[in-house]
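Results of the structural survey
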Amino acid sequence: MPAEALPTGVLRWMILGEWRAHPARVALGALAIAVGVALGFAVHLINTSALSEFSRAIAAVNGDADLQVRAVSARGFDEQLYPRVARLAGVAAVSPVVELTADLGGGPGDRLTLIGLDVLRAAAATPSLVGRGPAEVRFDEGSLFLSDAALRAGGHRVGDTVEVAAGGRPQPFRIVGDLPAAPDGQRIGVIDIAAAQWRFDRVGRLNRLDLKLAEGADPGAVRAAVSALLPPDAEIASPDSEVRQTDNLSRAYRVNLDMLALVALLTGAFLIYSAQSLSVARRRPQFALLQVLGADRRTILIQVLLESVAVGLLGAGLGLAIGLGLAQAALSLFGGDLGGGFFGNVRRPALTFSPGAAAVFGGLGLASALLGGLAPARQAVGAPPAVALKNLGDAVDPRRTPPLVPALGLLVAGALCALLPPVGGLPLFGYVSIALILGGGIAGVPWLARALLSPAQRLAPGAPSLRLALNRLWGAPSQAAVALCGIVASTSLMIAMAVMVTSFRSSVDDWLLQVFPADIYLTYRGDGDGFDEPVRRAMTAAPGVAGIAFLRTTSLRLSAERPPPALVARPDPGGSLPLVGGRASGPPPGLTPVWLSEPAARIYGHRPGDRLLLPLVDPATDKATTAFVMGVWRDYARQQGSIVLEQADYVRLTGDRLVNEAAVDLDPGAAPGAVVARLRAALPERLAGRTLITESRALRALSLRIFDRSFAITYLLEAIAILVGLAGVTATMSAQTLARIKEFGMLRHVGVLRRQIAAMLAAEGALLGAVGGVAGIGLGLAMSQVLIHVVNPQSFHWTMETHLPLSLFAGVAGALIGVSAIAALMTGRRAISQAAVDAVREDW
Amino acid sequence: MARWKPWAVAALTMFLVAAAPASPRYAEVRPGVALAFPADHGAHPDFRTEWWYVTGWLETGDGPPVGFQVTFFRSKTGSDPANPSAFAPRQVLFAHAAVSDARTGRLVHDQRIAREGFGLGTASRTDLDIVLDDWTMKRQADGRIRTKVQGSDFVLDLVLDSSQPVLLQGKGGYSRKGPAPSQASYYYSLPQLKVSGRIQRGRKAQAVTGQAWMDREWSSTLLDPSAVGWDWLGVNLADGSALMAFQIRDASGRPLWAGGTLRPANRPATSLGPDAVRFSTVRTWRSPRTRVTYPVERQLTVRLPGGERRWRVRPLFDDQELDSRAAGGPIYWEGAVTVEGGRGYLELTGYASPLKL
Amino acid sequence: MTSPLLSITSLSKSVPGGRVLFRGLDLALAPGEFVAVTGESGVGKSTLLNLVAGLDLPDSGTVTFDGVALGDLGEDGRTRLRRDRIGFVFQAFHVLPHLSLAQNVSLPLMLQRRPAREAADQGRRMLDLVGLGDRGDDYPNQLSGGELQRVAIARALVHRPALILADEPTGNLDAETAARVLDLFAAHVREAGAATLLVTHSKVAAACADRTVKLTPAGLVGNDAG
């Protein structure tokens with residue numbers, strides 16, 4: 001038992017002594033770990049809270065059905081499916097549902113999920129959707145039950161008569177009761193199913209069947225039996241698949257933040273590695289002495305590892321606390337998607353704490369610390385005590401060229417990983433690739449330092465301070481690497497993120513110019529209404545309007561497991577969309593031409609020239625529509641993908657003549673402001689309040705503002721990462737400087753001026769910073785390409801062109817060189833003091 | 001007044017459309033209209049409410065007899081006739097079934113309800129043929145009636161064979177319900193039905209035989225406003241006679257209206273007016289669950305042209321109470337009873353709280 | 001007697017805590033003279049060397065090198081004096097681990113901004129003289145203690161200093177190695193004609209000197225016989 005040979009008291013004393021001597025280094029390592037843990041934990045908490053809120057919302061609208069049949073598009077499916085499903089064995093009850101997105105009379109944005117149901121069926125299948133109110137008006141076509149949130153949102157009371165618009169039809173309803181079982185915050189309205197079909201022109205169509213299974217029925221068998229009955233425009237969905245879809249949608253943005261968490265954790269690991277390496281190097285005689293005194297190697301290994309564990313625990317604990325606070329703050333400030341808009345019309349969620357996640361992220365922090373501490377711990381017991389007692393610095397022969405093969409191996413492995421496909425929709429290998437490239441880069445730093453410094457060293461400049469600095473960095477490459485690895489890690493990851501974000505932003509900027517070529521855009525910001533024929537005529541006739549293109553945007557469900565892509569109907573898609581890649585000629589006769597956005601093409605695996613079965617029943621053939629992919633276009637607006645149709649095809653397939661967007665070209669010389677006013681005047685009152693009219697310039701600016709806002713947290717975290725990295729390099733440099741005090745004392749003895757030593761240290765710092773900058777930027781560039789060409793396409797399904805933030809590169813390199821030099825100088829003050837002179841003496 | 005079953009009350013109130021812009025139009029019950037069969041076995045959707053009401057006794061072969069009741073209701077709502085939706089709730093069908101098992105000493109029951117349409121809820125106008133999800137009642141080609149109902153605790157699959165002609169109640173099927181002439185219904189019965197088929201209680205299925213009584217009634221009118229409840233009795237006497245009697249009570253417990261019919265075997269029926277029927281209480285039973293007291297043992301006195309006749313009505317067992325408050329219905333008592341030389345069903349309503357229509 | 005290369009007059013020094021190390025110390029070294037200073041541990045031998053090298057200033061008294069009082073030179077002047085005229089040998093060698101042996105030896109020449117090639121050649125020649133001529137490209141971590149001290153001796157002599165200050169140069173070596181290194185040291189300083197002030201508590205080491213003085217808190221106790 002090693003602890004017998006060396007009482008734990010001695011270990012504790014040594015650890016504490018070490019920390020008391022260098023609190024900043026311990027604190028920095030712990031801080032970096034804390035940042036990583038906090039970030040990862042907070043992102044997880046925010047998303048979990050948001051998802052649970054979202055699933056509550058879904059559950060609220062769906063009631064408590066065991067199984068659901070759902071229409072793939074808002075148009076619904078034929079109601080004759082209902083009796084066929086109802087007669088299946090194992091089905092205890094089926095509640096047919098017409099589901100509409102509606103606008104509740106009142107201010108703009110009072111959106112409502114309007115559910116038309118048969119109360120007699122809902123009572124058995126989804127009792128939570130049954131309203132509370134007088135029984136005798138339940139079947140009245142004019143009765144409406146509203147959830148508390150819907151009542152409050154519009155300031156309505158039971159007994160009021162309100163206007164509800166859906167599908168372009170405003171209709172009066174009397175509020176006869178509420179929905180006590182609707183969860184807090186969910187805006188739901190319930191009307192009779194026959195009223196829904198009649199008043200909103202949905203006769204013959206249903207959007208949902210909510211199934212309650214018979215007791216003891218085999219869900220799998222019922223599922224199979226139901227799916228055998230389904231037409232192309234309906235599909236089976238269990239209520240949790242909608243939550244999963246949203247999870248899919250928000251996954252990509254979480255990936256981004258998790259990436260940053262990874263950055264912080266890796267940086268922390270490298271900082272701990274730096275600190276522990278130095279501390280071990282300095283204490284090597286101490287450890288040798290302990291070994292001579294009878295401590296075995298395991299005791300010492302454990303001691304050094306315990307130091308890392310302690311730092312890791314500190315960082316992880318701090319990180320979890322910060323993460324909790326961060327999540328709470330973010331949820332109350334931005335909502336569950338951090339301003340990303342992925343969770344739709346869901347109220348701000350309450351924080352859901354999960355001990356499991358806390359354990360995982362705390363464990364990750366601890367693991368990072370251990371990882372960072374492992375190599376130094378092995379170093380501590382690696383050297384034989386006799387050699388260690390001599391304390392001669394680098395055990396490696398400076399003449400040996402630092403190995404390049406392991407670094408190259410890691411880099412090549414990283415490049416190969418980048419070629420692998422995503423795993424379960426996540427770019428896991430992309431991240432492995434980034435980690436491998438980072439590891440390879442760090443492993444290659446000694447070689448790179450040697451390669452960069454060799455020419456300078458051969459030049460042998462006259463200034464002794466510069467020559468000494470060069471000689472040292474050239475002769476002690478692994479010490480340089482220890483100082484550099486933290487900064488290279490944080491710089492390269494930060495550069496990678498910055499290049500990716502810059503490229504993304506520039507691409508979005510270009511794209512905005514392409515997709516908003518008109519002068520003025522109108523968007524109806526509701527779900528239940530739009531610009532009908534008379535409104536369109538009035539808009540077209542407004543003076544100053546040269547032309548208007550009307551658009552209709554709805555959604556179409558192609559898969560139960562994925563969020564439904566947008567279905568956009570517009571004139572001349574081929575001529576107006578920003579196409580990327582090739583385009584097919586055609587379409588062959590009988591096929592409907594469609595243009596897929598990049599995400600849609602990637603998610604559903606289609607290329608120009610492919611055929612694609614759309615779950616829209618073609619009235620001509622009474623079968624699902626076969627579409628022909630004409631081209632793929634760039635769309636950064638909809639992660640879930642979008643499918644564009646010719647307007648005429650859309651109307652033919654859906655019968656939906658409503659439009660909810662318009663792009664207006666102005667007459668030459670027309671004043672945009674005046675035309676905006678005239679367009680607004682052309683709108684009827686019910687639409688005017690909910691229609692957004694924007695000049696395209698303002699729209700582009702707004703889009704970029706939103707982009708910047710959603711990446712603001714990224715910028716902030718990047719800044720933190722680089723600051724921690726710089727602090728790390730400062731701490732490492734100062735530690736190394738202090739460890740070299742006898743060297744400075746000797747130099748002072750042999751006639752080196754104080755300022756020459758200072759200059760030497762500054763030169764060393766600047767050179768280190770320069771090497772770190774070159775390595776960090778180079779590595780960052782490589783990793784950015786993985787982010788741009790692998791991680792982004794695999795998680796967001798869109799591509800972008802690389803744009804380099806050159807000024808940022810210059811800034812980062814300059815900051816690195818400057819900060820490193822200044823850090824070296826600051827710690828050098830002690831190096832040129834009397835203490836240095838005294839340090840060479842072994843006696844008074 | 002015959003079988004204003006509480007369930008019908010509950011169902012009816014649910015489907016009234018009080019605030020409908022066009023007040024619903026219902027057909028009126030008039031005297032002197034001859035009933036025609038088989039069409040009048042089928043539904044009369046222009047009337048506000050209608051029922052097919054079967055009660056009876058079953059011999060299981062291995063235990064004491066059990067009582068059963070199977071009822072289908074139809075209600076016309078005030079739904080806007082212009083609504084083109086197939087879901088428009090023009091007619092609502094409701095069914096209720098119960099089994100009285102003396103061995104368990106209590107009732108088991110279940111129900112179905114749906115708006116008419118999609119073949120999931122239909123009631124034929126041309127003959128008795130009702131489908132309500134998995135519950136059915138149909139007059140077959142051979143004239144026998146088959147009904148199948150499956151509750152969560154029991155299944156009944158019975159064939160009813162009429163051994164006697166249709167018994168028209170009141171004046172040729174026109175039956176007064178209250179003091180006002182407008183308070184009336186079309187009403188006929190099928191007494192002395194021979195029952196065969198199967199019953200399943202829990203997991204145990206067995207063949208059964210027995211006899212039953214079926215009431216058919218349709219109307220658009222409501223109870224008198226001062227009525228709070230009613231007592232109804234239908235009995236198949238062993239000699240082939242059929243006896244029906246009812247009274248409607250006011251808040252003081254006195255009869256507001258009464259009536260009945262006695263048809264001796266193979267002879268014409270005698271219609272009993274309000275003065276010819278009298279219920280008196282022999283014994284009461286107090287429900288331990290609801291603390292409601294019911295007059296479960298009665299003395300029925302009927303004044304016939306040939307003098308008075310009395311029957312002592314005794315329940316198969318006391319606890320045949322139905323508490324349907326969980327489903328929005330009332331508390332009442334309905335169960336199998338015996339009389340001297342006969343078996344029948346007794347219904348007691350309005351004892352917990354006044355029934356309002 | 002020629003004028004002394006180094007003369008110490010009435011030198012007093014106390015440690016920061018106030019303890020007096022020595023007081024009123026006098027010593028003179030002629031050019032080429034080899035003097036050994038012995039004394040108990042902690043008596044201030046190394047401090048005396050620092051005062052002589054101008055790395056530390058006395059509480060009172062003067063150190064005069066080649067007729068110039070160190071106190072008048074200023075910090076930079078004293079540093080240049082060390083760089084150009086003084087060589088050091090330390091007990092713990094203090095060889096820079098990241099420089100090759102040749103670079104370590106030529107360090108003083110580099111500091112004098114001699115051309116790199118000339119400095120390297122000179123360094124190799126010095127290494128040759130201390131018997132390590134074929135190891136100029138080796139690094140210190142491959143050397144034994146005795147070899148390291150030979151490198152240090154070469155470094156102390158490479159720029160032909162007038163004065164060598166040696167602080168217990170054999171203190172970290174075993175007796176046999178110490179003897180060989182000491183012989184080498186004595187031979188080379190004499191051959192270079194440099195005056196030497198050797199601080200040691202080793203009688204063997206002191207025996208190499210022309211004369212030995214013993215440092216006590218009361219001052220130097222002479223033993224001129226040497």
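It should be noted that the structure appears before, not after, this text.
Residues numbered from 1 in each chain as written. Chains lettered and ligands numbered in written order. Predicted model: local features only at pLDDT ≥ 70, side-chain atom pairs only at ≥ 80, totals over all residues.

**Quick word on the nonpolar core**
- Counting 212 residues, the largest nonpolar core has A:Leu473, A:Leu484, A:Cys485, A:Met783, C:Ala154 and C:Leu165 as the members making the most contacts within it.
- Broken down by element, the residue count for this core peaks at 20 residues, all from helix α26 (residues 754-795) of chain A.
- Leave out the neighbours within four places in its chain, and A:Leu484 touches A:Val445, A:Leu768, A:Val771, A:Gly772 and A:Ala775. (Core = buried A, V, L, I, M, F, W, Y, C linked by C-beta atoms within 7 Å. Buried ≥ 20, exposed ≤ 12 C-beta atoms within 10 Å, placed from the backbone. Helix = DSSP H or I, 4+ residues; strand = E, 2+ residues; numbered from the N terminus. Contact = placed C-beta atoms within 7 Å.)

**A few points about the interface of chain A and chain B**
- In this complex, chain A contributes 18 residues to the contact, which on the side of chain B involves 24 residues.
- Elements that contribute at least two residues to the side of chain A that touches chain B include exactly α4 (81-86) and α7 (193-199) of chain A.
- Broken down by element, the residue count for the side of chain A that touches chain B peaks at four residues, all from α7(A).
- Of the residues belonging to the side of chain A that touches chain B, the class tally is 11 nonpolar, one polar and six charged. (Nonpolar A, V, L, I, M, F, W, Y, C, P; charged D, E, K, R; others polar.)

**So, α26(A)**
All names here are of chain A.
- The sharpest bend along α26 comes to roughly 35°, located at Leu787.
- Taken across its 42 residues, α26 has 32 buried, putting it largely inside the fold.
- Positive backbone phi, at 65°, marks His797, one or two positions downstream of α26. (Bend = angle between axes of the 7 residues up to and from the residue.)

**Examining the interface of chain C and chain A**
- Taken residue by residue, the interface counts 38 residues in chain C and 30 residues in chain A.
- Only α1 (45-53), α2 (74-85) and α4 (107-111) of chain C provide two or more residues apiece to the side of chain C that touches chain A.
- In terms of residue class, the side of chain C that touches chain A is made up of 16 nonpolar, 13 polar and nine charged.

**Describing the pairing of strand β19 (residues 642-646) of chain A**
All names here are of chain A.
- Among the five residues of β19, four are classified as buried, and the element is accordingly described as predominantly covered.
- Pairing analysis gives five bridges linking strand β14 (residues 566-570) to β19, with the strands arranged parallel. Bridge assignment links Leu567 to a residue of β19, and that residue is Ile643.
- In terms of strand pairing, strand β16 (residues 592-597) meets β19 through three bridges, oriented antiparallel. Following the sheet pairing, Leu596 is matched in β19 by Ile643. (Pairing = 2+ DSSP bridges.)

**With respect to the packing of helix α6 (residues 145-157) of chain C against helix α7 (residues 175-192) of chain C**
Residues and elements named next belong to chain C.
- The N-to-C vectors of α6 and α7 enclose an angle of 10°; their axes lie 10 Å apart at closest approach. Taken together, the axis directions place α6 and α7 in an arrangement best described as roughly parallel. Contact with α6, carried on its side by Gly145, Gly146, Gln149, Arg150, Ile153 and Leu157, involves Thr177, Arg180, Val181, Leu184, Phe185, His188 and Ala192 of α7 and no other residues of that element.
- Within the contact of α6 with α7, the residues separate by chemical class into six nonpolar, five polar and two charged. (Axes fitted to C-alpha atoms, helices over the stretch in contact; angles between N-to-C directions. Parallel < 35°, antiparallel > 145°, perpendicular 65-115°, else oblique.)

**Observations regarding the packing of helix α15 (residues 445-459) of chain A against α26(A)**
All names here are of chain A.
- Between α15 and α26, the least distance of the axes is 10 Å, while the angle of their chain directions is 115°. For α15 against α26, the interelement crossing comes out right-handed. Seen from α15, the contacting residues are Val445, Leu448, Ala449, Leu452 and Leu453; seen from α26, they are Leu767, Val771, Val774 and Ala775.
- Tallied by class, the residues present in the contact of α15 with α26 amount to nine nonpolar, no polar and no charged. (Left-handed = near helix turned anticlockwise from the far one by under 90°.)

**Some remarks on the environment of A:Leu213**
Residues and elements named next belong to chain A.
- Along the polypeptide, Leu213 turns up in strand β10 (residues 208-213).
- For Leu213, a count of 20 C-beta atoms within 10 Å corresponds to the buried category.
- Note: C-alpha distance between Leu213 and Ala65 (148 residues apart in sequence) is 8.6 Å.
- When residues no more than four places from it in sequence are discounted, the contact partners of Leu213 are Asp66, Leu67, Gly90, Val91, Ala92, Pro219 and Val222.

**Remarks on the sheet that holds strand β1 (residues 6-14) of chain C**
Residues and elements named next belong to chain C.
- Across the sheet, which stays open at both edges, the four strands sit in the order β2-β1-β4-β5 with antiparallel pairing between neighbours. Strands at the two margins of the open sheet, each flanked by one partner only, are β2 (20-29) and β5 (68-69).
- Pairing geometry for β1 and strand β4 (residues 60-65), over five bridges, is antiparallel. Each residue of the ladder has a partner; that of Ser12, found in β4, is Ser60.
- Set on the sheet, α1 makes contact with β1, β2 and β4; between it and β1 the angle comes to about 125°.

**Quick look at the sheet that holds strand β6 (residues 86-89) of chain C**
Residues and elements named next belong to chain C.
- The six strands lie next to each other as β6-β7-β8-β3-β9-β10, forming an open sheet whose pairing is mixed. Each edge of the open sheet is held by one strand with a lone partner, namely β6 and β10 (219-221). Going across the sheet, the axis of each strand differs from the next one's by a mean of 25°, ignoring polarity.
- As paired elements, strand β3 (residues 34-39) and strand β9 (residues 211-216) share five bridges and run parallel to each other. When the bridges of β9 are listed, Thr38 appears paired with Lys214.

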